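# Tertiary structure, described
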Amino acid sequence: MSKRRRVIPVGGRRAGAAATALILGGAGVLLGMSAGSAQAAEVSYATHCVPPAGIDPVDGTTKVEITAPATAHVGDTVDIVWKFTQAASKNPDIIDLPANSVQPSGTLKAGGAQTAAVAMLGPRENPAIPKGGAMTLSDMKGTLKLTTAGAVTLTPDAYTVNAFGTDTKCAPTVTVPTSATIDVTAGDGSSSSTSPTPSDSTSASASESASESASASASESASSSPSDSVSASASDGTGQSDFTGKEVSVPYACKTPLGDKSATSPVQINAKKDGGSYDLTVQFNGSVMDSPADIPANSVSPSMEVVLGGADSGTVHVEGPTNSAAIKSGDPIKIPDLTGTYKPGASGTSTLAPGVLTVKALGTTTTCTPTKSEVSLTLDTTEQASGASGSTSSSGGLAETGSDSHGALKALGLVSGTAILLGVGVFTFLPGRRRLR
């Protein structure tokens, strides 16, 4: 049986070779296009971090990956992503950080053919971070407009970690290796962005920042508004049952792990007579602010010791309910009314002034002591059996007098704009005081 051979014309061979070359060339083009967005190798560098006042500085290692296009043209605006594989410092052993309460920002240095400082910003997105846990930071993003042909190098530099309005600032202590390089060629660059991944974090953060600034300003303005209410008193036999105190601005000294803080808050004490006793209500007027982070339900518990003076002495314990619902970041928050019962221990004119305030929140205790007594309410009282004067604390709501333990309690003072967040944002800074950085 004879076999037939297929004869391929010379021109056909050449055409086939050309087609093969074209296919391979096309594959090369495709490979080149896929390399345009390059995942850079990880770089690590020694870093010095300075937490808020009162916490010791930390020296650690930062590990970063920078992602940027491998190639681009002059005139292109490229998107750059900074990914933390390890932050230099851990969460201090002070407070558990709730989810979505931490926001990173930083600076990326461009060098080589073009020098620039690229502002990088990440969204406030993170899992819950326990005390002493590793800081899990969101990816930061920024843009760079390319102006010069050549190799443009990208190197991570200093960064800041913001949580509850406080900043931990971290800076390299060594020369940081280049993390990525963009090969920029002359050509018809466009103004459109060349991006490895889409980013809209900058505009979102700007909106958040503006909201926090506006809320802090509103809080400060509201807190400084004077009250027209007047201290009321009544003699026995008048039949009066409701007594409205005047609003007083109470200067507080707060001892916190972040350092000693001076703060002020407008407070008003009201009373309703019930037999020989008085039902007290302590109000924090004008202390509304926006929450800088998500606060879980039933995680904030405020209380105060109202100080008695004049004919009577001792303190009356008042407390408020915990927050029944979770408070979302950016939502308005306000310390609730604190209530308790005052049973007079002496007959005569007795005064009531705001005393030590305690806020338990997120596993921490904040205690602030007035530096000056400000009387909010005056009452004409009649001594009752087992009343306040000369007594120690009891389960009925009286707190131990003369206690030295208040100053030893650990306090949490977190700054948000011009406000100190004591669990739910009670105080505003006294004018002229140094702001926490």
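Residues numbered from 1 in each chain as written. Predicted model: local features only at pLDDT ≥ 70, side-chain atom pairs only at ≥ 80, totals over all residues. Heavy atoms only, no water.

## As for the pairing of strand β2 (residues 43-50)
Rule in force here: Summary of the burial criterion: residues with accessible area below 20% of their type's maximum are buried, those above 50% are exposed, and those between are partly exposed, where the area comes from a 1.4 Å probe applied to protein chains only. Comment: elements are numbered from the N terminus, with helices defined as DSSP H or I runs of at least four residues and strands as E runs of at least two. Here a strand pair is declared whenever DSSP counts at least two bridges between the two strands.
Burial of the side chains of β2 is restricted to one face: Val43, Tyr45, Thr47 and Cys49 are buried, whereas none of Ser44, Ala46, His48 and Val50 on the reverse face is. One ladder, built from seven bridges, connects β2 with strand β3 (residues 58-69); its direction is antiparallel. Within the sheet, the bridge partner assigned to Thr47 lies in β3 and is Gly60. In terms of strand pairing, β2 meets strand β10 (residues 166-172) through four bridges, oriented antiparallel.

## Details of the state of the cysteines
Using the following cut-off: Defined by distance alone, a disulfide is two cysteine sulfur atoms within 2.5 Å.
Enumeration over the complete set of coordinates arrives at one disulfide. For Cys49, the disulfide goes to Cys170, at an S-S distance of 2.1 Å. Classification of the bridge connecting Cys49 and Cys170 rests on its S-S torsion, roughly 115°, and on that basis the disulfide is right-handed. Of the two residues, Cys49 is situated in strand β2 and Cys170 in strand β10; the sequence distance between them amounts to 121 residues. Residue Cys49 shares its accessibility class with Cys170, and that shared class is buried.

## A few points about the packing of aromatic side chains
Operational definition: In summary, the pairing rule links any two rings of Phe, Tyr or Trp, Trp by its six-membered ring, whose centres are within 6.5 Å, and it sorts them by plane angle into stacked for under 30 degrees, edge-to-face for over 60 and tilted for everything else.
Following the criterion strictly, the structure yields five aromatic pairs and no others. Consider the rings of Trp82 and Tyr159, whose centres lie 6.2 Å apart with planes at 70°: the pair is edge-to-face. Of this pair, Trp82 sits in strand β5 (residues 77-86) while Tyr159 sits in strand β9 (residues 150-163), and the two are 77 residues apart along the sequence. Assessed through its relative accessible area of 0%, Trp82 is described here as buried. Owing to a relative accessible area of 2%, Tyr159 belongs among the buried residues under this scheme. In textbook terms, an aromatic cluster arises when at least three aromatic residues are bridged by ring pairs, as seen for Trp82, Phe84 and Tyr159.

## What to know about the environment of Ala158
What counts is decided by this rule: Any two residues having at least one pair of non-hydrogen atoms within 4.5 Å are treated as being in contact.
Among the structural elements, Ala158 can be located in strand β9. According to the relative accessible area criterion, Ala158 is partly exposed, its value standing at 26%. Taking the C-alpha atoms as reference points, Ala158 and Leu108, separated by 50 residues in sequence, lie 7.8 Å from one another. Those residues in contact with Ala158 that lie beyond four places of it in its chain are Trp82, Gly106, Thr107, Cys170, Ala171 and Pro172.

## Re unusual backbone geometry
Positive phi values are uncommon outside glycine, yet Asn100 reaches one of about 60°. For Asn100, the location among the structural elements is in the loop between β5 and β6 (102-112). For Asn100, a relative accessible area of 31% translates into the label partly exposed. Unusually for a residue other than glycine, Asn298 sits at a positive phi of about 55°. Note on placement: Asn298 falls in the loop between β17 (289-290) and β18 (300-310). On the basis of relative accessible area, Asn298 is assigned to the exposed category, the value being 53%.

## What about the side chain of Thr358?
Of note, Thr358 is situated in strand β23 (residues 357-361). Ignoring anything within four residues of it in the chain, the contact list for Thr358 reads Ser301, Pro302, Ser303, Thr365, Thr366 and Thr367.

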